[in-house]
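# Descriptive analysis of the structure
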Amino acid sequence: MSSVTRVTSIGDQKFEVITNNRTFAFRAESDADRNDWIRALQKTVEDRKGRCLDRGSVFHASGGSFEAVDKCGPLELRGYKSKLYVAVAGDKVFLYKNAEEFRLGIGITYIEMNVGNVKDVDRRGFDLTTPYRIFSFLADTDQEKEDWVEAMRQSISEALSHSEVAERIWSAEANRLCADCGAPNPDWGSINLCVVICKRCAGEHRGLGPSISKVRSLKMDKKVWTEELIEVRALCAAVTTTDLAETLSLLFCGAEVSCSSGDPVCPNPMALAEAAGQRLQMEFLLQNKTSETPQLDVCTSLEKHYSVVLPSVAHNGFLYKAPSMAKLVHERKAREEFSRRWCHLHDGIFSYYESNTSTVPNGEMRVQEIVSLVHNPIDAHGFTSTFEVYVESERLYLFGLDNPEGIKEWVKCIAKSFLPLAAEGLLSHDFERLGRLQYKGGLNLERAKEGWFALEQSTLYAYLEGSEKEEAIHLRKLQELSIQGDNEVLVLVERRRTLYIQGERKLDFLGWVAAIQKAAGSSGDTLSEQQLTDTDVPVIVDRCIDYITQCGLSSEGLYRKSGQNSKTTGLLEVLRRDARKVRLKEGEHQVDDVANTLKRFFRDIGDGLFTKDWLVTSSLEDEKEKISRYRRLLNGLPGVNRATVKALINHLYRVQCFADMNQMNTHNLAIVFGPTLFQTDGQDYKAGRVVEDLIRCYVDIFSVDEEEMRKQQEEITAIMKMRIAGSSSGTQQAGDFICTVYLEEKKTETEQHIRVPATMTAEELVFEILDRRKIVMKEKDFWSCFEVNEREEAERPLHYSEKVLPILHSLGKDSYLVVKRQLSMDSMLLYLASKVGDSKHGMMKFREEKNLLGLGLSTGFHDRYFILNSECLRLYKEVRVSPPNHKPEKEWPVKNLKIYLGIKKKARPPSCWGFTVFFENEKMEKQQWYLCCDTQMELRAWFATFLSVQHGGNIWPSESSKIRASRIQQDSRLGNISLIPLRGNESEMRNSVAAFTTDPLTVRLGLRQQRACRVEQTPLTRHSSHTQAHVCERRGNTV
């Protein structure tokens, strides 16, 4: 609008907008509309003329140059044939057709950088991301791209900053120049030294450390600049107050802020300033309360020096340098690819020269630009020792020497030069990788913080923001290690916290990911080199024991039978590669294969579990002395070995408790595991005796207390009850999963321990629970199994045909299964019966939940228009008359959705009628959001439609299906004889048996017809008091 010179009417319904080089003609629908447009445009033009900081008026031509432009020039925008002319000015980026229109101020559009984000894409490309579009630019050269990225990032900083404080401080003439180098308009300051400095000098001040100079931004650190601090800076910089200058000179000549004044009423300078009403003095003293001042050391010689922290580290010498790279080094670099260079580290700059006599460097890097440092293993490249330097411009520098000590010294000096003082403790470790990373953790996941990390073998040491000391993360003990997003976030899950490490720079981040993944895996064949649990048990052992406990304790010949050799070899190989990712599941893995894998692992382990001293101890006759000696030997084992022995013997103790089923008593287990654990040929019987002693005296040797023993006995009892119950029904199978299911609500007295085979459906689980509690399903009773998520305060009724076992494997610690009536099913069936078609559309309130990375929208509920059909759920911002002609804002396949009833209170739903929706696709990408309805009837209609489209319209079983599921299964011990329920009086029972003897098939068909008629005529409770019995034995015509 600043280029518009005039707006005039040119006839009926027409008007012209005249600019410096073009005239635009417009036609309105009527003369009245034309006049309204003219008035509005003329008013806007007049308003724009009075402003100086808007789009057109940002630029002022002066001989073809534009003073307010930070960077301008042609850039290729993907999607456009010709290059655009782009200008970065202040907090905006402007797009023009060409340089001529840029000069005239006629542009295409501009981008507010307060909502923008710049990200490197490839060698010459970068993206400017906004909420409404992604602008993909392509520069001519790498250097040009870096300049554009830097300019746009500065524009973002400008957009997010506040200039109010800076303007007030600049009002004093002396504050308009940097106190160190004299650069104009300095936007940084040292709050304790009372000087304003430019951005370059602020970096030097940071190198001194916060105890010397406290650097803050005039534009971004708004809260720091109190009224008193602003006045202190203005007075001191303008030299208008002599007492402050005197205080400054005294303080930095050695005077202490907290020195004694000798006055009992005002014991220190702060109190004196307060009593005198000198608020500016008080603010100045407060900011210097913790500052270090140069102190004179008492020396034996006459020479005295200041003990201040040096701002830089100096080192020089010859290094062999490979060409810089923009990608990770995956291949070995030969000696011929390196060039000998004289390298010099001084004053925060690392330079390399052609020779030690050269005066102009071939290249240099500032230590502030270094993001990470890597000390490679010996002989990783053509030279004996090498190290890598990663910088902010996404470049990698590789240096090498044949002198390991020389490389170690270089690594130490470079690390010390860019590591902050607070994190210098990381230098005490023999690290292989050191640097800074963005991370999120703790309770606040909104903002990414900066941390310093050092990787040493399998331990990641970290100095996190707000932490007073370094923290150690044992990578082999992580519960989970995964990458989320497009290789942008590395998730480290420990027992008590989760840490999200973000990739601010792709090249550096990929190096960290590869190094951490390697360090978190198994690195050898000893126990201590395996991935471990929190209790120091190898994850391989834990996975196998857990699976066998759940699925195979009653398997006959457990550990004596050998599984398939090929499957055992393959499973052990997968577990050794990354046991943390392996989930042993029933149906996919056989019990004997897993048992054989566990035995082979112990036989192949490098260090073994036991020594020969254990064999000697087994020969002792005195039982007490033997147990005492075993304890001493156990305590003498390394921590991992000791924890592994206890876990294994505890498992074998449980196995022998099921000896009547698996035929593996203590002696049989000792015969199998003796040679395995001692890695012998089985000739020495003492090895078996040791294992037998450990199992038999498990409680005494391992000092198991009463509480731990009670819990183990309860687990064993529960498992035995399930096995007995399974065997009595003739359907016992080794490998069934045992879980806890609640009836109607989660209470101790309502829990039921259920054996869940791989084929069990939700309907069969419901009838199993009801039969156990002798609950008869009445007419219009819609009993269902619900998956309850306590953390989300939501629940999901399982479809009657849904397999239960996969649900159990996916349940989190805050979830459980409960069987209860589904009260809304009757109304949902009526709705679907009266509904035409299988789709639904309408308005609902929508909110997208922030994920754990702080991504996603979470600004409250908004009205959105939804269309649900058999294929997908579509979301529109507003009501669409003809939706197929419009692209939806979001779209999800129905098959990937899980719909839960309820919304957690923390989300603040506008009504109590809502869903929590989870989405997960084949790429394991997850989303979560909330939908809210205005009425309960509307909620039931949407939920019924969801169930209908996901299950082909079949949301509840027919009556015949219900009878089949509730039918008592035949006892396999009785052969193939069909069991007849005998009802009525004794005469009716005899007639039934006699008829069955004559023609069993006729009776069976008659019973089916009779049973179907009863279901149609009366509720199921009609015969609830009738006696039921089974034919257990038949001899001729006699029962």
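Residues numbered from 1 in each chain as written. Predicted model: local features only at pLDDT ≥ 70, side-chain atom pairs only at ≥ 80, totals over all residues. Heavy atoms only, no water.

Helix and strand counts for the protein chain stand at 29 helices and 41 strands. Out of the 1039 residues in the protein chain, the part that is buried amounts to 44%. Here the analysis covers contacts within the protein chain between residues at least 6 apart in sequence; of these, 56% occur between residues at least 24 apart. With the model as given, the accessible surface of the protein chain reaches about 55,300 Å², and the carbon-plus-sulfur share is 49%. (Helix = DSSP H or I, 4+ residues; strand = E, 2+ residues; numbered from the N terminus. Buried < 20%, exposed > 50% of the residue type's maximum accessible area, 1.4 Å probe, protein only. Contact = heavy atoms within 4.5 Å. Areas by Shrake-Rupley, 256 points an atom, 1.4 Å probe, with all protein chains shown as cover.)

The next thing to look at is the confidence of the model for the protein chain. Residue-level pLDDT values for the protein chain average 77, and 77% of them are 70 or greater. By mean pLDDT, the top-scoring element of the protein chain is strand E21 (residues 385-391) (93), and the lowest-scoring one is strand E4 (residues 61-62) (33). Note that residues 52-65 has pLDDT below 50 and, in this model, 26 contacts with residues that lie over four places away or in other chains. (pLDDT = per-residue confidence, 0-100.)

On to the sheet that holds strand E14 (residues 195-197). If you walk across this open sheet you meet the three strands as E14-E13-E15, and the pairing is antiparallel. Every other strand in the sheet has two partners, leaving E14 and strand E15 (215-217) as the edge strands with one partner each. Neighbouring strand axes in the sheet, compared pairwise and without regard to direction, differ in orientation by 35° on average. Here strand E13 (residues 188-190) runs beside E15; their pairing, made up of three bridges, is antiparallel. Residue Trp-188 lies in a different strand from E15, and its bridge partner there is Ser-217. (Pairing = 2+ DSSP bridges. Axes fitted to C-alpha atoms, helices over the stretch in contact; angles between N-to-C directions.)

Following the sequence through the fold, Glu-470 ends up in the loop between strand E25 (459-463) and strand E26 (471-474). Residues Glu-470 and Gly-425, spaced 45 residues apart in sequence, show a C-alpha to C-alpha distance of 7.5 Å. Sequence-distant contacts of Glu-470, that is, excluding residues within four places in its chain, are made with Gly-425, Leu-426, His-429, Tyr-461, Ala-462 and Tyr-463. Of note is the side chain of Glu-470, whose polar atom sits 2.8 Å from the side chain of His-429. (Polar contact = N/O pair within 3.5 Å; in protein donor to acceptor, adjacent residues only side chain to side chain.)

Within soluble globular proteins, side chains that are nonpolar tend to cluster in buried spots. Counting 64 residues, the largest nonpolar core has Tyr-559, Trp-614, Leu-652 and Phe-702 as the members making the most contacts within it. Discounting residues that sit within four places of it in the chain, Trp-614 has contacts with Tyr-630, Leu-633, Leu-634, Leu-637, Phe-678, Val-690 and Leu-694. The next biggest cluster of nonpolar side chains, apart from the first, holds 32 residues, and it includes Phe-350, Ile-407, Phe-431 and Tyr-463. (Core = buried A, V, L, I, M, F, W, Y, C linked by side-chain atoms within 4.5 Å.)

One key point about sheets: their strands pair by backbone hydrogen bonds, in either a parallel or an antiparallel sense. Read from one edge of the open sheet, seven strands run E9-E8-E7-E6-E12-E11-E10, paired in antiparallel fashion. What marks the edges here is a single partner per strand, and that holds for strand E9 (109-112) and strand E10 (117-120). Averaged over all pairs of adjacent strands, the angle between their axes in this sheet comes to 35°, without regard to strand direction. Here strand E6 (residues 71-77) pairs with strand E7 (residues 84-89) via five bridges, running antiparallel. Considered in E7, the bridge of Cys-72 is made with Ala-87.

The next thing to look at is the pattern of salt bridges. One pass over the structure, following the stated rule, counts 38 salt bridges. Where Glu-144 meets Lys-71, a salt bridge forms, and the shortest distance between an N and an O atom there is 3.3 Å. Taken together, the residues Glu-144 in helix H3 (residues 142-160) and Lys-71 in strand E6 connect sequence positions 73 residues apart. On the accessibility criterion, Glu-144 (27% relative accessible area) is partly exposed. Given a relative accessible area of 16%, Lys-71 falls into the buried group. Residue Arg-791 pairs with Glu-792 through a salt bridge whose shortest N-O separation is 3.2 Å. When salt bridges with common partners are traced through the structure, they connect Glu-623, Lys-626, Asp-693 and Arg-696 into a single cluster. (Salt bridge = Lys/Arg side-chain N within 4 Å of Asp/Glu carboxyl O.)

This paragraph deals with the pairing of strand E36 (residues 862-868). Most of E36 is tucked away: five of the seven residues are buried. For strand E35 (residues 840-848) and E36, the ladder comprises seven bridges, and the chain directions are antiparallel. In the strand pairing of E36, His-841 is matched with Ile-867. Pairing between E36 and strand E37 (residues 872-876): four bridges, direction antiparallel. Of the residues in E37, the one forming a bridge with Leu-868 is Leu-873.

Within the structure shown, the criterion is met by zero disulfides. Its sulfur unpaired, Cys-933 is 6.9 Å from the next cysteine sulfur, which belongs to Cys-932. With a relative accessible area of 1%, Cys-933 lands in the buried category. (Disulfide = S-S within 2.5 Å.)

We now examine helix H23 (residues 762-772). Among the residues of H23, those classed as buried are Ala-762, Glu-763, Leu-765, Val-766, Phe-767, Ile-769 and Leu-770. Positive phi appears at Lys-774, one or two residues downstream of H23, with a value of about 55°.

Among the five residues that make up E37, four are buried, leaving the element largely enclosed by the rest of the structure. The hairpin formed by E36 and E37 contains three residues between the paired strands. Pairing analysis gives four bridges linking E37 to strand E38 (residues 890-893), with the strands arranged antiparallel. Along E38, the bridge assignment pairs Leu-875 with Lys-890.

As a further point, take the environment of Trp-452. Structurally, the position occupied by Trp-452 is in strand E24 (residues 444-456). Residue classification places Trp-452 among the buried positions, given a relative accessible area of 10%. The sequence separation of Trp-452 and Ala-423 amounts to 29 residues, and the corresponding C-alpha distance is 6.8 Å.

A separate point is the packing of helix H12 (residues 539-551) against helix H14 (residues 591-604). Interhelical geometry of H12 versus H14 gives an angle of 150° and a closest axis separation of 10 Å. Here H12 is positioned roughly antiparallel relative to H14, judged by the angle of their axes. Seen from above, H12 lies across H14 with left-handed handedness. Contacts between H12 and H14 pair Ile-540, Val-541, Cys-544, Ile-545, Tyr-547, Ile-548 and Cys-551 from the former with Val-591, Val-594, Ala-595, Thr-597, Leu-598, Phe-601 and Phe-602 from the latter. Looking at the contact of H12 with H14 residue by residue, the classes come out as 13 nonpolar, one polar and no charged. (Parallel < 35°, antiparallel > 145°, perpendicular 65-115°, else oblique. Left-handed = near helix turned anticlockwise from the far one by under 90°. Nonpolar A, V, L, I, M, F, W, Y, C, P; charged D, E, K, R; others polar.)

Further remarks concern unusual backbone geometry. Residues other than glycine seldom take positive phi values, yet Lys-774 does so here, at roughly 55°. Among the secondary structure elements, Lys-774 is positioned in the loop between H23 and strand E32 (783-789). For Lys-774, a relative accessible area of 74% translates into the label exposed. You will see that Arg-908, though not glycine, has its phi angle at about 55°, which is positive. Within the element layout of this structure, Arg-908 appears in the loop between strand E39 (897-901) and strand E40 (913-920).

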